[in-house]
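This is what each chain is made of:
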Amino acid sequence: VKAAKEHVIPGDLNKVLENKVMETVLDLYHVKVSVLETMCSGDADSEGIVSKSVSSHSDLIPGVYEGGLKIWECTFDLMDYFSEAGIRFTNKTVLDLGCGAGLLGIVALNGKAERVHFQDYNSTVIEEITLPNVVANCVNEGTSGKDRKASKPPAKRPKKAEGSPDVLTKCRFFSGEWSEVTQLLLSSNKPFSKYDIILTSETIYNPDYYSALHDTLAQLLDKNGHVYLASKVHYFGVGGGIYLFQKFIEERNVFRTSIIKTIDQGLQRCIMEMVFK
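None of the values given here were measured: they were computed from a predicted structure.

Undergrad: Would you mind going over the overall build of the protein chain with me for this structure?
TA: Along the protein chain, the regular secondary structure elements total ten helices and ten strands. Here the protein chain holds 277 residues, and the buried ones make up 49% of them. In the protein chain, the proportion of contacts linking residues at least 24 apart, taken out of those at least 6 apart, comes to 69%.

Undergrad: Help me out: how do you make sense of the packing of aromatic side chains in this one?
TA: Ring pairs (aromatic) are described by centroid distance and by the angle formed between their planes. Going through the model one piece at a time under the given rule, you end up with eleven aromatic pairs. Both rings, one in Phe 118 and one in Phe 173, keep their centres 5.0 Å apart while their planes meet at 10°; by these two values the pair is stacked. Taken together, the residues span a long stretch of sequence, with Phe 118 in strand β5 (residues 115-120) and Phe 173 in strand β6 (residues 171-175) at a distance of 55 residues. The pair Phe 118 / Phe 173 is uniform in exposure class, with both members buried. Pairing Phe 192 with Tyr 195 gives two aromatic rings, centres 5.4 Å apart and planes at 70°, and the pair type is edge-to-face. The exposure class of Phe 192 is partly exposed, given its relative accessible area of 21%.

Undergrad: Mind showing me how you'd approach helix α5 (residues 103-110) here?
TA: Since the α-helix turns once every 3.6 residues, residues separated by three or four places project in the same direction. Among the eight residues in α5, six count as buried, and that is most of the element. In the segment just after α5, Lys 112 is the residue with positive phi, at about 70°.

Undergrad: It is not clear to me how the nonpolar core should be interpreted in this structure. Could you clarify?
TA: Soluble globular proteins tend to pack their nonpolar side chains together in the buried interior. Counting 48 residues, the largest nonpolar core has Phe 89 and Val 134 as its most contacted members. Considering each element in turn, this core owes the most residues, eight residues, to helix α6 (residues 123-138). Residues contacting Val 134, with those up to four places away along its chain left out, are Ile 106, Leu 109, Phe 118, Val 139, Leu 168, Cys 171 and Phe 173.

Undergrad: I tried to follow the environment of Lys 92 on my own but got confused; where do I start?
TA: When you line up the elements, Lys 92 lands in the loop between α4 (73-85) and β4 (93-97). Among the residues examined, Lys 92 registers a relative accessible area of 32% and is labelled partly exposed. Sequence separation of Lys 92 and Ala 113 is 21 residues, and the distance between their C-alpha atoms is 4.9 Å. Look past the residues within four positions of Lys 92 in its chain and what remains in contact with it is Ala 113, Glu 114, Arg 115, Asp 196 and Ile 197.

Undergrad: Hey, could you run me through the packing of helix α9 (residues 210-220) against helix α10 (residues 242-252) in this one?
TA: Axis angle and axis distance: for two packed helices, these are the angle between their axes and the distance between the axes, and together they describe the pair. Packing of α9 against α10 brings their axes to within 11 Å, and their N-to-C directions diverge by 55°. Judged by the angle between their axes, α9 and α10 are oblique. Relative to α10, the crossing made by α9 is right-handed. Mapping the contact onto sequence places Tyr 210, Ser 211, Leu 213, His 214 and Asp 215 in α9 and Leu 244, Phe 245, Phe 248, Ile 249 and Arg 252 in α10.

Undergrad: I'm lost on unusual backbone geometry in this one. Help?
TA: A negative phi holds for most residues other than glycine; trans holds for most peptide bonds. Of note in this structure, Asn 91 is not a glycine but carries a positive phi near 60°. Along the chain, the position of Asn 91 falls in the loop between α4 and β4. Of note, the phi angle at Glu 202 is positive, near 55°, even though the residue is not glycine. Note on placement: Glu 202 falls in the loop between β7 (195-201) and α9.

Cut-offs used in this document
- Residues numbered from 1 in each chain as written.
- Predicted model: local features only at pLDDT ≥ 70, side-chain atom pairs only at ≥ 80, totals over all residues.
- Heavy atoms only, no water.
- Helix = DSSP H or I, 4+ residues; strand = E, 2+ residues; numbered from the N terminus.
- Buried < 20%, exposed > 50% of the residue type's maximum accessible area, 1.4 Å probe, protein only.
- Contact = heavy atoms within 4.5 Å.
- Phe/Tyr/Trp six-rings, centres within 6.5 Å; stacked < 30°, edge-to-face > 60°.
- Core = buried A, V, L, I, M, F, W, Y, C linked by side-chain atoms within 4.5 Å.
- Axes fitted to C-alpha atoms, helices over the stretch in contact; angles between N-to-C directions.
- Parallel < 35°, antiparallel > 145°, perpendicular 65-115°, else oblique.
- Left-handed = near helix turned anticlockwise from the far one by under 90°.

Structure follows, in structure tokens:
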């Protein structure tokens, strides 16, 4: 069992971006992972997941590394869906579950969410990728995506954290297994209110995790809340997929599910919405 940990946001935000090389995708900055892989060769990260992932040529080592170094394609499906469907984050409390790069949570922050929490299985992912991405995208003097397009900095230079870090007061960062993070949140002496929106992408590849994911959603979602989940229809090799998960959820009889979008290019992918029955 991977224990839950809350990650403290450093006082000096430039430290977060130190030695980071940023790229852009859909007008959002994200840490260039190939540079991180070079810098973390050996055991430079405390979990050793970067070198393990590189040496085994694997995006997934169950129970060790759960894929958070890579931005998976369903993340972009979900981002497209938010703009198509006009999903509003204003004043909402949001959880980016299995966040990896944290792009979904960053979109929610840019959409004026009141509070955004980020969770990933691996602490290295939170510290080396998620937190730097949030700082690079959100701690800048009121630059929206539109302004940034016009004055895009060179992609290879890490940005300095300028302007007001107020946005970070809305954020909390957690690593560890879902059940452990849930327990940490619910038993914490910090005030905690459940989430209006839970976002999760490519987290249902392994049927062994379905029970933990279901219980996490059931315990952390507000009674009127919405879960937006993006997934491939089938994950070859691990056996999970959207219809298998949907069947699992329906058997539990806690949530109502609906497939709200199907994407047919390449491997078929879906976006599912979940609300309490």
